[in-house]
Each structure stands twice: as C-alpha cells, then as structure tokens.
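Coordinate analysis (summary)
If you want the building blocks of each chain, they are given just below.
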Amino acid sequence: MAKSAIILGATGHTGHLLLKLLLDDDRYDSIIVFGRNSCAIEHPKLTEYIIDLFELEHYANKFVADEVYCCIGTTKAKTADKQIYEKIDYGIPVAAAKLCKANQIKTFLVISALGAKEKSKIFYNHIKGKMENAVLAQHIEHTYILQPSLIIGKREEFRFGEYAFGVIMTLFKPILSIGELKRYKPIHPQAIANCMVWLANNNNYGSQRIKSKKIRELGG
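Scope of this entry: the structure provided in the associated data block.

The rules behind each value
Residues numbered from 1 in each chain as written. Predicted model: local features only at pLDDT ≥ 70, side-chain atom pairs only at ≥ 80, totals over all residues. Heavy atoms only, no water. Buried < 20%, exposed > 50% of the residue type's maximum accessible area, 1.4 Å probe, protein only. Helix = DSSP H or I, 4+ residues; strand = E, 2+ residues; numbered from the N terminus. Pairing = 2+ DSSP bridges.

A word on the pairing of strand E1 (residues 3-8)
Successive residues of a regular strand alternate their side chains across the two faces of the sheet. Summarising burial for E1: six of the six residues are buried, a large majority. Every second residue of E1 is oriented toward a common face, with Lys3, Ala5 and Ile7 on one face and Ser4, Ile6 and Leu8 on the other, all of them buried. Pairing of E1 with strand E2 (residues 28-35) involves six bridges; the strand directions are parallel. The residue bridging Leu8 from the neighbouring strand is Phe34, located in E2. As defined by bridge partners, E1 adjoins strand E4 (residues 67-70) across four bridges and the pair is classed as parallel. Of the residues in E4, the one forming a bridge with Ile6 is Val68.

Below, the structure is given as structure tokens:
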C-alpha cells in the first residue's frame, strides 16, 4: 500500500533533495509540504500549504500522513535574534512532533546537529539539544533524530562562514578519516536525505539518534 509523507522545510537544500526523492519513490503516492514559500515544483503527488510555520498547530486537520520529515533550521548569520532563532529551531520541530502524537502519526524524522546537548553553553547546541529532548518526550513510535556534522554543498544562498569552514574541513579531510575524528567529517545533504528515507522505511532500526558517521553509511 502506498504511503503519504509530510515535509517541513522543503525549500531548504536538504529538504528539496528529500522532496525529489519522495516524489520519485513509488512507495509514496502523496507528499504534503508545509512552508512559507512554494517549492516551485508541479507534480501530481504534491500538495503545498503556504503558511506561517509559527502557527503550525492551526493546521492540525491537514497535518495527516504516514510519515513526517522535519528539515527546518536556520543559522546565526541568517537569524541573529535569539528568540526568533529558538522559535524556528525548537518551536517548529516540537510543534510538528506534538501534531504527530495528536494525529497518531507513527514516524517522525528531524534534522538536529552534531554536538546537540541541552546543557551545552553554546546556544546553537543548547537549542538543538532542547529540541531533541522535547521531541523524544512525545514518545512517537518511530522517532529518528539525525545529527549531521557540517552540511556542505551548493546553496542558492551564499553563507561565507559555512564556505570558509567547509574549505578548512576539506583541507583536513585526510585527518578527519582517522578514528573518532571521522564524526566531524563534512556531510553532503544528499546523504542526509537518503538516510531519512531509508530510516522511514526500515523501522526496525535500533537507535533514535543517528550520528553523522552513521548517516553517511546509511545514506551512501
């Protein structure tokens, strides 16, 4: 039986790749996207709702699917206001998880970050860790939290900080292939998208938190 999926953040780099994967996957006959802007894709499987994602709970009657993929995230450079940053990186994923629980959606996947920890003194890691704990508190049957390292790849929006760090990480790539340092190796968004789809279709996977090294292994 064909499945349905919801994507949040489908206009972002990883989310857009994920959307294309699901549209091309015969296991799915309906893909629903909630976002602030259109994906600019026309497809018979695709339904878009252009909404204010801060008010996601108002669309509970439309938030119905077999799986939910949350690819929402921002950066300090893009969102300097910490309150808005938290509303995006914490508020939206947690609201989505609560809707999954309320609507009996049994599979929820969300992108977090390597180093996420609620007790961290680093604001970014603290918010991601806080989000992870709030999501897990919903006790959705199949919950997968992906913790990638630096995500590299072409973006429509140029981010100099990520670009510079990516160059440095590429130069040190041989070192990052040794032992525990492998977990810091940059990762391509296609691997993250591939991994999310794999996890959603292999619900016997044992871990709820998927580290960057494992994402690369599962996502190819």
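Some points on unusual backbone geometry
Its identity as a non-glycine residue notwithstanding, Ala40 has a phi of 60°, on the positive side. For Ala40, the position within the fold is in the loop between E2 and strand E3 (46-50). Given a relative accessible area of 70%, Ala40 falls into the exposed group. Backbone geometry places Gln104, a non-glycine residue, at a positive phi of 60°. For Gln104, the location among the structural elements is in the loop between helix H2 (82-102) and strand E5 (107-111).

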